[in-house]
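Here is how the chains run, residue by residue.
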Amino acid sequence: MIEASNLTKRYPGGLEAVKDASFLIEAGQMVLITGHSGAGKTTLVKLISTIERPTSGSLVVNGQNLSALGRSAIPHVRRHFGMVFQDQKLLFDRNALNNVLLPLEIAGLPRREAIRRAQAALDKVGLLAREKANPIALSGGEQQRLAIARAVVNRPTILIADEPTGNLDTESGTAILDIFADFHRVGVTVVVATHDQSWIERYHPNVLRLAQGRVVE
Amino acid sequence: MNGWLIHHRAAFAAAFRRLWATPLNTLLSLIVIGIALTLPAFGYVALDNLRDLGRNASGVQQISLFMSLEASKRDVGEIESRLRQAANAKWKFVPKEDALKRMQSSEGMAEIVASLPRNPLPDAFIIDPANTEPEALEILRKEIAGWPKVAHVQLDSAWVKRFDAFLRLGKLALWMLAGLFGAGLVAVTFNTIRLQVMAQSAEIEVARMIGATDGFIRRPFYYFGALQGALGGLLAAALVFAALRLLAGPVGELAALYGGNFSLRPPGIGETLGLATLGAVLGWLGAQLSVSLSLRKLD
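Residues numbered from 1 in each chain as written. Chains lettered and ligands numbered in written order. Predicted model: local features only at pLDDT ≥ 70, side-chain atom pairs only at ≥ 80, totals over all residues. Heavy atoms only, no water.

**Here's the deal with the sheet that holds strand β6 (residues 81-84) of chain A**
Residues and elements named next belong to chain A.
Then, number 1: If you walk across this open sheet you meet the 6 strands as β6-β7-β8-β3-β9-β10, and the pairing is mixed. Each end of this open sheet is capped by a strand with a single partner; those strands are β6 and β10 (214-215).
Then, number 2: Bridge count for β6 against strand β7 (residues 158-162) is 4 bridges, and the pairing is parallel. Across the sheet, G82 pairs through a bridge with L159, a residue of β7. (Pairing = 2+ DSSP bridges. Helix = DSSP H or I, 4+ residues; strand = E, 2+ residues; numbered from the N terminus.)

**Some details on empty space enclosed by the protein**
Then, number 1: Tallied over the entire structure, the rule returns 1 cavity of 30 Å³ or more.
Then, number 2: As a volume, the largest cavity reaches approximately 90 Å³.
Then, number 3: Together, A:R78, A:R79, A:F81, A:G82, A:M83, A:P103, A:R150, A:A151, A:N154, B:M209 and B:I210 line the largest cavity.
Then, number 4: Breaking the lining of the largest cavity down by element, the ones donating at least two residues are β6 and α5 (140-152) of chain A.
Then, number 5: Its residues assigned to classes, the lining of the largest cavity shows 6 nonpolar, 2 polar and 3 charged. (1 Å grid on protein atoms, 1.4 Å probe; cavity = no way out; pocket = protein on both sides within 12 Å on 5 of 7 lines; lining within 4 Å. Points joined across faces, edges and corners; volume = space filled by probe spheres on them. Nonpolar A, V, L, I, M, F, W, Y, C, P; charged D, E, K, R; others polar.)

**Some details on the sheet that holds strand β5 (residues 64-65) of chain A**
Residue and element names in this part refer to chain A.
Then, number 1: The strand order across the open sheet formed by 4 strands is β2-β1-β4-β5, and the pairing between neighbours is antiparallel. For this open sheet the edge positions go to β2 (16-25) and β5, each flanked by a neighbour on one side alone.
Then, number 2: Sheet strands in contact with helix α1 (residues 41-48) are β1 (2-10), β2 and β4 (56-61), and its direction is about 60 degrees off that of β2. (Contact = heavy atoms within 4.5 Å. Axes fitted to C-alpha atoms, helices over the stretch in contact; angles between N-to-C directions.)

**Focus on the domain arrangement of chain B**
Then, number 1: Here the domain parsing of chain B yields domain 1 (3-56 + 162-298) and domain 2 (63-155).
Then, number 2: The C-alpha-based centres of domain 1 of chain B and domain 2 of chain B are spaced at 51 Å. (Domains from an automatic or database assignment.)

**A few points about unusual backbone geometry**
Residues and elements named next belong to chain A.
Then, number 1: The residue Q88 is not glycine, and still its phi comes out positive at about 65 degrees.
Then, number 2: As for its position among the elements, Q88 is in the loop between β6 and α3 (96-107).
Then, number 3: The class for Q88 is buried, based on a relative accessible area of 10%.
Then, number 4: The residue K89 is not glycine, and still its phi comes out positive at about 55 degrees.
Then, number 5: Mapping K89 onto the fold places it in the loop between β6 and α3. (Buried < 20%, exposed > 50% of the residue type's maximum accessible area, 1.4 Å probe, protein only.)

**Section: the interface of chain A and chain B**
Then, number 1: Between chain A and chain B, the contact holds 21 residues from the first and 17 residues from the second.
Then, number 2: Counting the surface lost from both chain A and chain B, the interface buries some 1600 Å², and carbon and sulfur atoms represent 64% of this.
Then, number 3: The largest contributions to the chain A side of the interface with chain B come from A:R78, A:K89 and A:I106, which together make up 30% of the buried area.
Then, number 4: Connecting chain A to chain B are 3 salt bridges.
Then, number 5: The salt bridge partner of A:R71 is B:D214, with a shortest N-O separation of 3.3 Å.
Then, number 6: Here chain A is connected to chain B by 7 residue pairs in polar contact (both at pLDDT 80 or more).
Then, number 7: Those elements giving two or more residues to the side of chain A that touches chain B turn out to be α2 (74-78) and α3 of chain A. (Buried area = accessible area lost by both parts, 1.4 Å probe. Salt bridge = Lys/Arg side-chain N within 4 Å of Asp/Glu carboxyl O. Polar contact = N/O pair within 3.5 Å; in protein donor to acceptor, adjacent residues only side chain to side chain.)

So this is what it looks like as structure tokens:
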């Protein structure tokens, strides 16, 4: 469960990217955060995933108040999230399998168990046959699927994505949507920031609409 | 296997892979570190050998005790008994008759000795104290001088003091050199790790975003610094060993010319491990400084 009360993020220089936002996302829901460019979608995603700290207000995720978290606790909280970034943030000096292994290395899983789980995650997104490939050799859609595999390999309770289909053609984008829907069906809370309206038509998710940093719907 | 051990094993393996991934850079860094540690290490071994040389040189750091001419066998026994109690030392008794015979056998002395009405030489003791510190020798000399029937006590204290002062000066210079080159080793590691952190900034950023702790990110760099320093230390020990092997022949010949049988002592296993440990500690320190500063820039 994600609950925000009067959540505000003000950047140095005075820009308020998120203003007084209050909302509740129940466990297992699929929620789209939508809005025009500059509406505050990315900032809200960063706040939920603890990449940014709120200026004021409270944000409670799975019973933990993220606003009051100490610096040393943040890495451990992040391990409960699966993060998919708009630019994927894949590592090009590692092959696909080793990209997916990274969260498991961080969690300290034994190597053999980690490889088994990473291969299962690659299989889930249809990339097992390309486990030895360098991400640079993958298409845009495959790179995004690889990023999803890395995000879900740790079996997160919340999957958060920022414009995951932003750079993809329609066909690849639809494939990504289906993968997110699959995870939602097995009980994972899915939070996606996007301006892609096809999500709404296809899956009828809950929608959190932002305009100039405020929740308007 | 618990997570802590898995993390450390993985960090060590990652550090080793980084060393292996750029063999030329690694080799050059090891040579720089090795040379930086070789100079003070060689100085240490040289001073140690010099100290041994000083101890072994005949007459040096020995005390000569001359009894008065009228001293009896009983007096000599008394001195032996006191030496046994007072000094943790080896000694040799030289009876006056033996001293006279030795004098007679010296070239040109036989006639002079024969012309003497009686033996002018006293009984004597040659003492090799265990503690050869100049202060300890001086204290022992004064104590012995106060014993009954002791006419004269001779210690070449000036030579001992000069030698000791030279060793102390050498030791001080060695510490300064070690400090200087130790700082050099830290700087080399600092720069190597700084470049690595820069090259891996993307991986560090991603790892942090998906839950890596500071320890997880820092650990491979620490192991890298320590591993590089330890290998540099071993290289330094090998260089010192090789240098001493080269010098052993000429030094032995020189010692033989002075009638001695001095041989250079190479660094032992303990000293080699000590050098590797010192390198590892300095490498770890350089990594610690570098990672702290570099990660702060990435924050």
